[in-house]
Amino acid sequence: MAIRTFTGNSWLDKLTSKKDLLWLTIWIAGLGVLWIWDALFLNAPAFARLQTAFLNSLLTGLMVVLFSLALGWFLGVSLNTLEHSKSKIGFAVLSFVTDILRSIPQIIAVLIGYVVLTILLHNGIIRSSFVQMVWIAGTIAIAVFLEVADTIRQRIDYFRTLDFVDAMLCCGIKERRIINVEILWKNSRSHMLHKLIAIFGISIFLQCSIDFIISVGLSTDVSLINFPMTLGNLLANVDSKQDILALSNLFTEPGYVSVIFTRHLQGLSVAFCIVFSMLCIYMIANGIVRRHKLA
Amino acid sequence: MSAFSSILHKENTGLRTRLLIHGAGIILMAAVFWVFISAVEVSRIESRESDNEIQKYLDLSKMDFGDPADRLLFRESLDVFYAGQTQRNDSVVTAIDNLRQRQFSDPAYKTGDTLDGLTWNMVRRLTGMYLQFIAVYGIVLLLIYLLAQRIAVYRFIMMKQHRESYLTQALELVRNARANRVGSMWGSAVRKLGLLLAKALVKGIVLMLLFTPAYVIAYSVKTTIDTSSILFMILLGIVSNGVLIHTANKFFTFLVSESRKGYVQTAIVKNLHASYEWDAPEGIPMRTLLQIKHGFRSHVFQSIFINARFQFIPALKEHASFLVTGLIIIEMALNIQGHFCYELLQQILYRQYDIAAAIIFGIFLTIKATEIAIDIWEHKEKRKYGY
Amino acid sequence: MNERKYTIRIASEGRALVAIDDFRLAKSAITVLLGESGIGKSLISMAIAGLLDPDDLDVHIDGKPYAAYLRSQEAIDIRRNGFFVFQEPSSHLNPLLTLRAQLREGSLAAAPDEGRILKKLWQGSSSSGVESILDVYPKPYRPSGGEKQRILAAMAFKKMAASAAHTQESLFIFDEPTGNLDNRLRNEFLDLLVENFRNQMTTIVLITHDYSTISRFTNIYPTVSKNILYRELLLEHGKLHLRDFLPGEYLSWLEKRNATTRTGQKTETVLRLQPHVKVFGRTLSISRDTEGQNPEPLLIRKGAVTYLKAPSGVGKTTIVKLMMGLIKPETMSMELGSAVYSEKTNRKVWAQRVWGRQMTMVFQHADEALNQNSKVKDVFDGLPIAVPLNEKIIVKSLSELFEEEPSRDFLNIRIKYLSGGQKQRLNLLRSLILRTDILILDEPLNGLDFASAAKVIAKIEMKLQSGFGVLVISHNEEIFDTLVATANIYYLHSSSSRLTLPDTSKR
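Residues numbered from 1 in each chain as written. Chains lettered and ligands numbered in written order. Predicted model: local features only at pLDDT ≥ 70, side-chain atom pairs only at ≥ 80, totals over all residues. Heavy atoms only, no water.

### Some points on the overall build of chain C
Tallying secondary structure elements over chain C gives 18 helices and 21 strands in all. Here chain C has a C-alpha radius of gyration of 23 Å; the compact-globule value for 507 residues is 23 Å, and the two agree. Taking the principal axes of the C-alpha coordinates as reference, chain C spans close to 70 × 55 × 45 Å. Across the 507 residues of chain C, 59% fall into the buried class. Summarising the internal contacts of chain C: among those between residues at least 6 apart in sequence, 74% fall at separations of at least 24. For chain C, the exposed area adds up to about 20,000 Å²; of that, 50% sits on carbon and sulfur atoms. Taking the average location of the 66 positive side-chain charges in chain C and that of its 58 negative ones, the two points are 4 Å from each other. (Helix = DSSP H or I, 4+ residues; strand = E, 2+ residues; numbered from the N terminus. Rg over C-alpha atoms; globule rule 2.2 N^0.38 Å. Buried < 20%, exposed > 50% of the residue type's maximum accessible area, 1.4 Å probe, protein only. Contact = heavy atoms within 4.5 Å. Areas by Shrake-Rupley, 256 points an atom, 1.4 Å probe, with all protein chains shown as cover. Lys, Arg positive; Asp, Glu negative; His and termini not counted. Charge placed at Lys NZ, Arg CZ, Asp CG, Glu CD.)

### Digging into the sheet that holds strand β8 (residues 204-207) of chain C
All names here are of chain C. Within the open sheet, the six strands sit side by side as β6-β7-β8-β3-β9-β10. Their pairing is mixed. The sheet terminates laterally at β6 (83-85) and β10 (239-244), the two strands that pair on one side only. The sheet shows a mean angle of 20° between the axes of neighbouring strands, direction not considered. Pairing of strand β3 (residues 30-34) with β8 involves four bridges; the strand directions are parallel. Bridging across to β8, T31 finds its partner in V205. The sheet strands contacting helix α1 (residues 41-49) are β3, β6, β7 (172-175), β8, β9 (228-236) and β10, and the helix crosses β6 at an angle near 160°. (Pairing = 2+ DSSP bridges. Axes fitted to C-alpha atoms, helices over the stretch in contact; angles between N-to-C directions.)

### Some details on the interface of chain C and chain B
When the parts of a complex come together, some accessible area is lost, and that lost area is often used as the size of the interface. Facing 26 residues of chain C, the contacting portion of chain B comprises 20 residues. Interface of chain C and chain B: buried area, both sides summed, is about 2,000 Å²; carbon and sulfur atoms make up 55% of it. Applying the counting criterion to the chain C and chain B interface returns one salt bridge. Ionic pairing is found between B:K270 and C:E105, a salt bridge with its closest N-O pair at 2.9 Å. Where chain C touches chain B, the interface holds 15 residue pairs in polar contact (both at pLDDT 80 or more). Those elements giving two or more residues to the side of chain C that touches chain B turn out to be α3 (73-81), β6 and α7 (145-162) of chain C. Considering every element that reaches the side of chain C that touches chain B, the biggest residue donor is α7(C), with three residues. When grouped by side-chain class, the residues that make up the side of chain C that touches chain B number 12 nonpolar, seven polar and seven charged. (Buried area = accessible area lost by both parts, 1.4 Å probe. Salt bridge = Lys/Arg side-chain N within 4 Å of Asp/Glu carboxyl O. Polar contact = N/O pair within 3.5 Å; in protein donor to acceptor, adjacent residues only side chain to side chain. Nonpolar A, V, L, I, M, F, W, Y, C, P; charged D, E, K, R; others polar.)

### Here we look at empty space enclosed by the protein
One simple way to see leftover space: roll a probe sized like a water molecule over the atoms. For the structure shown, the criterion picks out seven cavities of 30 Å³ or more. Of the volumes computed, that of the second largest cavity is approximately 60 Å³. What lines the second largest cavity is A:M168, A:I173, A:E182, C:L370, C:N371, C:S374, C:D378, C:V379, C:D381, C:I415 and C:R430. Of the residues assigned to the lining of the second largest cavity, the class counts are five nonpolar, two polar and four charged. (1 Å grid on protein atoms, 1.4 Å probe; cavity = no way out; pocket = protein on both sides within 12 Å on 5 of 7 lines; lining within 4 Å. Points joined across faces, edges and corners; volume = space filled by probe spheres on them.)

### Re the packing of helix α5 (residues 114-121) of chain C against α7(C)
Residue and element names in this part refer to chain C. Two numbers describe how α5 lies on α7: the axes approach to 10 Å, and their chain directions differ by 140°. What the angle tells us is that α5 and α7 run oblique. In this structure, α5 meets α7 at a crossing whose hand is right-handed. Residues E114, I117, L118 and L121 of α5 lie in contact with α7, whose contacting residues are R150, I151, A153, A154, F157 and K158. The class makeup of the residues in the contact of α5 with α7 is seven nonpolar, no polar and three charged. (Parallel < 35°, antiparallel > 145°, perpendicular 65-115°, else oblique. Left-handed = near helix turned anticlockwise from the far one by under 90°.)

### Quick word on the confidence of the model for chain A
Residues and elements named next belong to chain A. Residues at a pLDDT of 70 or more form 95% of chain A, whose mean pLDDT is 90. No element of chain A has a lower mean pLDDT than helix α1 (residues 11-17), which averages 75, and none a higher one than helix α8 (residues 164-170), which averages 97. With pLDDT under 50 throughout, residues 1-7 is counted as low confidence; its partners more than four residues away or in other chains account for 20 contacts. (pLDDT = per-residue confidence, 0-100.)

### Here's the deal with helix α10 (residues 230-239) of chain B
Residue and element names in this part refer to chain B. Residues of α10 that are buried: F232, M233, I234, L236, G237 and I238. Where α10 is buried, its residues touch α6 (120-160), α9 (214-221), α11 (243-259) and α13 (300-333). Two residues or fewer past α10, N241 is found with a positive phi of approximately 65°.

### Here we look at the packing of aromatic side chains
This model, assessed by the stated rule, comprises 44 aromatic pairs over all chains. Pairing C:Y66 with C:Y69 gives two aromatic rings, centres 6.0 Å apart and planes at 15°, and the pair type is stacked. Taken together, the positions of C:Y66 and C:Y69, both in helix α2 (residues 66-71) and three residues apart, correspond to about one turn of that helix. For the pair C:Y66 and C:Y69, one class covers both residues: buried. Measuring from ring centre to ring centre gives 5.7 Å for C:F157 and C:F174, while their planes differ by 35°; the resulting arrangement is tilted. A residue pair is termed long-range when its members are at least 10 positions apart, and C:F157 in helix α7 and C:F174 in strand β7 qualify at 17 residues. A relative accessible area of 0% means that C:F174 is categorised as buried. Linked through ring pairs, B:Y145, B:F156, B:F251, B:Y276, B:F296, B:F301, B:F305, B:F312 and B:W377 together constitute an aromatic cluster. Directly above the ring of A:W185 sits A:R189, whose terminal nitrogen or CZ lies 4.4 Å from the centroid. Between C:K139 and the ring centre of B:Y387, over which it is positioned, the NZ or CZ distance is 4.2 Å. (Phe/Tyr/Trp six-rings, centres within 6.5 Å; stacked < 30°, edge-to-face > 60°. Lys NZ or Arg CZ within 6 Å of the ring centre and 35° of its normal.)

### Some words on a nonpolar patch on the surface
All names here are of chain A. A cluster of nonpolar side chains, namely W35, I36, W37, L40, F41, V257 and F261, defines an oily patch on the protein surface of about 730 Å² accessible area. Going through the elements one at a time, α2 (19-41) and α14 (257-263) are the ones with two or more residues in the nonpolar patch. For the nonpolar patch, the element with the highest residue contribution is α2, accounting for five residues. Taking the relative accessible area as the measure of exposure, W35 reaches 46% and is therefore partly exposed. (Patch = residues over 30% accessible without salt bridge, like charges linked within 9 Å, V, L, I, M, F, W, Y side chains within 5 Å.)

See the structure below:
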């Protein structure tokens, strides 16, 4: 049995003891290796498309994180305020609405958002790629922000079970400050960071999935070409699908492995980018839980 | 029936409130969808009447609306029959153009579908697909619940055994070899290193597989496996999209959090078994991982496990919702004809929004039913432990 | 006396938590371990008992890694034959196992004397018998903290009985075992402890902040006194060490205080609470007689201390929270200044007029009451004070309860890195800095060592002179009785002997 034996102080030891940073490094390094490989073996137009797709997906994911944080913070704090107000009607109504929203699968919420987007595109109301990305990020954020709101509520509720809130109230400190500064800012940053990283992962997954679904057929007026180039968009491209299909050859012809990483590079690169990112994001989130003892 | 009447007992106020909220949510959504479906139906009737009117023009014999001369002749005829109504006549021509375009481009026209909306026939068809969807969902949910616990327990015990990852072990091996610099040991060290790296590679591939979106897996095996079979869908539902790994991770988090609680220390000072070695006299029997019902009697892990499981029950709701998302993606992205969620995509494509709404309502009901079942289960567990 | 000396180092993520070279443990004796909370008493005791997790902490005992100590025969014997009663009873009982099952788990299954031990521990209890709670799954609110604490103590005494043949190889550690017990129950526990010690002469460590324990042992068990050692863990110039604490230090201070006259003069009444308060379906009533025959309004007077007493679990914390408007009562009437506060009073009114303005309250658990991630200087942020506090004022305030003038570095330390005693002093200072008419103190001496407790008492006396009205609830009756005139002592009673209120103290 292997027993933990690391006691050194080298940068490597420090990195291996902080799993979140270790996996962030692995993620960047892995993507770096892929970038070099693609620069060498992937044709130039496909390589350019891949880079644009990655950056667009990253940007959309970051916007989802930002929107989710704003919406989640607002909803979480509002629910908490309404819950402790004299009239419970506001709390009941808002809880009821969020309860319904929770029962709608994320992909359906995103799909509805895309249906609306196709109508807007078709009617020429939205044209710019950036606005489309903002719309997509907003749609995904609506589907996932409840997780942020839940984290915020859990944190506030946890501190309410302690003497924390009451003790500060008795000293005349404003409730607004106790919630926003003392609980959420000073005591919940790592919890929020963990949740936002998870949200980022989900957003990449949902983006890719919805793009793949669109490739099957969502509208006759709008197709993938009308949407901004993202990883999912590129994966759903016929060439990429063919590349992924080529993996089947390995079952019957294992020797095919020698050419698969040069001949079918576009599809495999996109798939690797997505799967590897999902894995690393999961590991980074877990590392944060471990380092900050969030569990 | 007795279970249902016990729910209504006055001691169960909390649960009754939850059920009331679920019920109200279902009624409200049903009302919203009903209004939406009715509105679509009204608009369809109006549109059909308008189309029928326009169709009369298209049915005029010897009139080819693709021919500019015929179109001009038609427009002038309208101006003669409806003199002074230029705007009206323009609208008629535009409507004719639109209908002709739709007849060319709309897939529903092309496939000869009737565009009748939510007919009884369609409801019957959808019901069959829905039942199949629920069956697959139920099976996958049950298997994930069982598998996730086992994976989490295994991971927790490995953590307690201080097992380092294969890569870390390999790194340590390299360090030791460099530090020792004993020539004779190089051969065995290289062999060990190779084995560790191979294990790391296999583990990496398995992990990547668990995070791979279903459509990537399906496409990569499409030519060798029938990817539209129910069995394949169940398998894909379990292993893909990260559902299993995330659910297992949640249970693992509960195990870690419970293992830090004070009652575990009290159990230790009461001399309950506390070794995490597999099959050691005071350790954990490996066979428990394979048993349907876990049992770690006389071991501190029993308390950790039951407390973690207790918290895992309500957490299942969010995983169930994510699982539904995964199944929807599988059915839609894999183009599996005749399946509930693929049908949703088709109906959106045909702009049959009433049918699409009905399908979405069905999915909503599935999640609500899961939430209700989990709330009742959680309530029963809480009652058992005096909450 | 046979003693074992330990050198102990405990660190976490490179930060030293405990470093002591002279921790001495007397065999076949009771060591009463004193010292302010958070200084390392529990950590050291757990290290010796072999209960720390080497994955979480870097521990060295006598210069060797903890793993080596855990493998030693000494540690194995302690684990096999000893017991540890943990400080916080709620989290140390499994919520999904009945108390009866937990009393009979593991090595306790075959242990004798369960009935006798439980009977003795519940002898002085005003609540219903122990049988009524044995089949309960422990929850935060039921059984009460005191009952849970006694269940844990019962486990220790059972183990003591089971290990009778191995007294030399065992170690029994009781970490704050009376923190939730009133004086009567505390005495029952101490009696049982001495009785068991007399029979087995086993090694016992009793960690406590309750200095009344000294009086009890000295006055009631003079013959055992030679086997009872009082030791105080101190942090001096950044170094931890153990010193012998002479019981006379405390007893003579107490004697001196008892000799001074307590002011019982009738000054202006600033608060009047009507004697009956209904909350959570129970009626809490206040009287000046111990039996509760003649309910009377509770008065808080300017420049005087009012002391509210009650057995554990009756609802002392609940009633002060009601007075602060933190819990909504079913019926209550309280006059504060010229205004009347009742169940109908809106929360906004409490926030605008009362909290931090007319009244303030110091909560008993400084760990919960303070923001652990704040810096020391930030503790005073957000207080309703007209002029913002600058560093100079903060330093001046801190020096009133801290030994030496705090440095700039100290102001920038995060609260989580302070000792429990330092936290408790900060907790007190945050309220003392406000210019309210009334100060409510819930267990203000919690976690303090003797020197700090004496300082806090002196500070309260100073505040009284400036016109503060003070209401105290505390288990340290021996100390607070020296501060309060008999006329200002009230007793709280509940319509039900067992408190089944929700956990308003959150413990």
